[in-house]
Amino acid sequence: MKPSRLSVFSRWSSRVTVPVVALTLAGLAATGCAPSTSDNSSKEDEKSGKLRVWLFQEVNNAPKKKVIDDAVADFEKKHDGTEVEVTYIPIDTRAQKIKAAFNDPKSAPDAIEFGNTDTAGYVKDGGLLDISKAFGSWGDSTNIDPTAKYSLTIGGKVYGAPLFVGVRALYYRTDVFKDLDLEPPTTQDELIATAKKIHSERSDLYGLAVGGAYTYGAMPFIWANGGDLANEKGKFGSNEYEAAIDSADAQKGIKVYASLFGDDNCPAAKCAQWGGNDTVEAFASGKAAMAIGGDFNRHAIEAGKVKGKFKVVPLPGVKRGDIAPAFAGGNNVGVLKSTSHRTLAVDLLESLAGKQTQRKLYDAMGFLPTFTDVRGDVAQKDSFVKPFVKTLNDSAKFVPASPGWAAIDAQLVLPTMFQEIVSGRKSVETATKDAAKKMDEAFQQ
């Protein structure tokens with residue numbers, strides 16, 4: 001989140017303001033600085049009674065509530081003597097509220113929705129139940145995409161089920177491209193050349209809107225050039241990391257992204273301060289010919305001046321035919337360790353995050369399913385989502401599954417690094433080494 005959904009977030013439903021992928025900065029800061037919880041694991045497993053669930057409040061929550069109400073009604077029919085109480089909580093204060101629930105089992109819900117970058121921190125806090133065995137025997141789990149499962153896996157154990165996923169691709173103005181006789185770029189070199197050509201021909205337009213604080217727009221350039229944010233130490237699944245943002249390949253990708261800031265595309269004096277929302281707004285308002293936006297930005301863009309005059313393609317990689325890897329944000333649902341209804345809570349989780357519910361959430365909210373087969377069906381019915389689905393299937397990536405990531409995000413380590421570079425305050429080498437040092441400190445904590 002946003003992100004929640006995995007980014008700096010407001011909510012996925014507004015689709016402009018950040019995926020709730022767990023990046024509400026205030027929330028992350030609270031999560032990163034909060035003291036560790038005590039072990040409040042419950043030994044009880046009651047087979048009836050009331051279950052309480054906390055889900056995120058959407059900007060327009062009625063469609064989501066209808067889908068959830070249907071899933072709950074179906075669950076209650078299958079489980080005599082059970083009642084489910086769903087409470088919708090504000091995303092902005094989720095970190096404090098969920099942390100308090102971890103520390104007070106009596107007032108805690110049985111299950112919660114959370115941003116996928118929150119997983120590692122919540123596991124470290126001792127709040128989430130390991131459901132590895134149930135997840136492995138859940139029939140639907142075989143179709144969950146690997147990146148979504150990775151966001152739930154800490155130390156080889158699974159701590160929930162994915163609810164939806166979101167990813168970014170390249171929006172472009174069809175009218176501008178037609179007027180200038182341009183084709184959608186198929187490599188990063190073509191992307192940069194196209195952006196600069198557009199701005200030279202149409203000085204009133206940014207060729208490609210970019211932002212110095214748009215971390216999730218910059219990451220694909222790092223990944224496409226062979227770099228990474230961090231490397232896992234030890235065996236795979238150890239969830240211990242060391243920064244790699246200062247590696248030669250990462251620096252190469254950063255230089256490619258930084259080349260888009262200038263008077264020939266998006267002036268640093270203006271664009272260095274922009275985040276993802278700013279770049280999407282520039283495109284939606286008709287001030288940019290291209291932008292890197294998410295499937296969750298669709299409604300905001302269609303509500304702008306470019307309605308009916310844009311298309312989307314996967315963000316190109318270095319070589320023709322390659323897709324630049326993109327961050328897979330989204331939300332998960334998990335069971336709290338303190339629940340006295342373990343079996344029922346896991347069954348409920350499977351109902352809330354199952355294929356039927358995810359299909360309905362897509363129809364109601366536009367949330368992309370995490371099941372590859374369901375997502376394929378969606379793409380067949382709606383051509384708009386095909387570039388996003390192809391990106392997810394071919395090249396989606398995730399941030400380090402470490403509790404330290406929350407601190408890195410809250411401290412704005414990467415946005416600060418990018419802004420220092422594109423504004424010319426620091427060289428790529430100096431800025432990345434400084435950022436790597438801060439990242440390692442967060443990982444080690």
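Right, let's walk through the structure included here. (Residues numbered from 1 in each chain as written. Predicted model: local features only at pLDDT ≥ 70, side-chain atom pairs only at ≥ 80, totals over all residues. Heavy atoms only, no water.)

What follows deals with the packing of helix H10 (residues 248–258) against helix H19 (residues 413–422). With their axes 10 Å apart at the nearest point, H10 and H19 run at an angle of 60° to one another. Looking at the two axes, H10 sits oblique to H19. Of the two elements, H10 crosses H19, and the hand of that crossing is right-handed. Listed contacts from H19 to Ile 254, Tyr 257 and Ala 258 of H10 are Met 417, Phe 418, Ile 421 and Val 422. Residue composition of the contact of H10 with H19, by class: seven nonpolar, no polar and no charged. (Axes fitted to C-alpha atoms, helices over the stretch in contact; angles between N-to-C directions. Helix = DSSP H or I, 4+ residues; strand = E, 2+ residues; numbered from the N terminus. Parallel < 35°, antiparallel > 145°, perpendicular 65-115°, else oblique. Left-handed = near helix turned anticlockwise from the far one by under 90°. Contact = heavy atoms within 4.5 Å. Nonpolar A, V, L, I, M, F, W, Y, C, P; charged D, E, K, R; others polar.)

This paragraph deals with the sheet that holds strand S7 (residues 168–173). Taken in spatial order, the four strands make up an open sheet running S8-S11-S7-S12, and their pairing is mixed. Pairing within the sheet leaves two strands with one partner each, and these edge strands are strand S8 (206–209) and strand S12 (310–313). Recorded for the sheet is a direction-independent mean angle of 20° between the axes of neighbouring strands. Bridging between S8 and strand S11 (residues 288–294) involves three bridges; their strand directions are parallel. By the bridge assignment, Ala 209 is partnered in S11 with Ala 291. Strand contacts of helix H12 (residues 276–284): S7, S8, S11 and S12, with the helix running at about 135° to S11, the strand carrying the most contacts. (Pairing = 2+ DSSP bridges.)

What follows covers helix H15 (residues 355–365). Looking at H15, one finds that the buried residues are Lys 355, Thr 357, Gln 358, Leu 361, Tyr 362 and Met 365. Buried residues along H15 cover an arc of 160° about the axis, so they all sit on one side. In H15, the exposed positions that point more than 90 degrees away from the buried face belong to Gln 356 and Asp 363. Packed against the buried residues of H15 are helix H2 (62–78), strand S6 (161–166), helix H13 (298–302), helix H14 (342–352) and helix H16 (372–381). Gly 366 lies just past H15 and shows a positive phi near 85°. (Buried < 20%, exposed > 50% of the residue type's maximum accessible area, 1.4 Å probe, protein only. Arc of directions from axis to C-beta.)

Positive phi outside glycine occurs at Asp 181, with the angle close to 55°. The topology assignment puts Asp 181 in the loop between helix H7 (174–179) and helix H8 (188–201). Its relative accessible area of 69% is what places Asp 181 among the exposed residues. Not every positive phi belongs to a glycine, and Leu 412 is a case in point at roughly 55°. In this structure, Leu 412 sits in the loop between helix H18 (404–410) and H19. Take Leu 412: its relative accessible area is 34%, and that puts it in the partly exposed class.

This part takes up the sheet that holds strand S1 (residues 49–56). Spatial ordering of the open sheet is given by S2-S1-S3-S14-S6, a layout of five strands whose pairing is mixed. A single partner strand is all that each edge strand has here, and the edge strands are strand S2 (82–89) and S6. Ignoring strand direction, the axes of neighbouring strands in this sheet form an average angle of 15°. Where S1 meets strand S3 (residues 111–115), two bridges bridge the pair, whose relative direction is parallel. Residue pairing for S3: Val 53 is matched across the bridge by Ala 111.

Let us look at the pairing of S11. Summarising burial for S11: seven of the seven residues are buried, a large majority. Sheet analysis places S7 next to S11, joined by five bridges and oriented antiparallel. Across the sheet, residue Arg 168 finds its bridge partner in S11, namely Gly 294.

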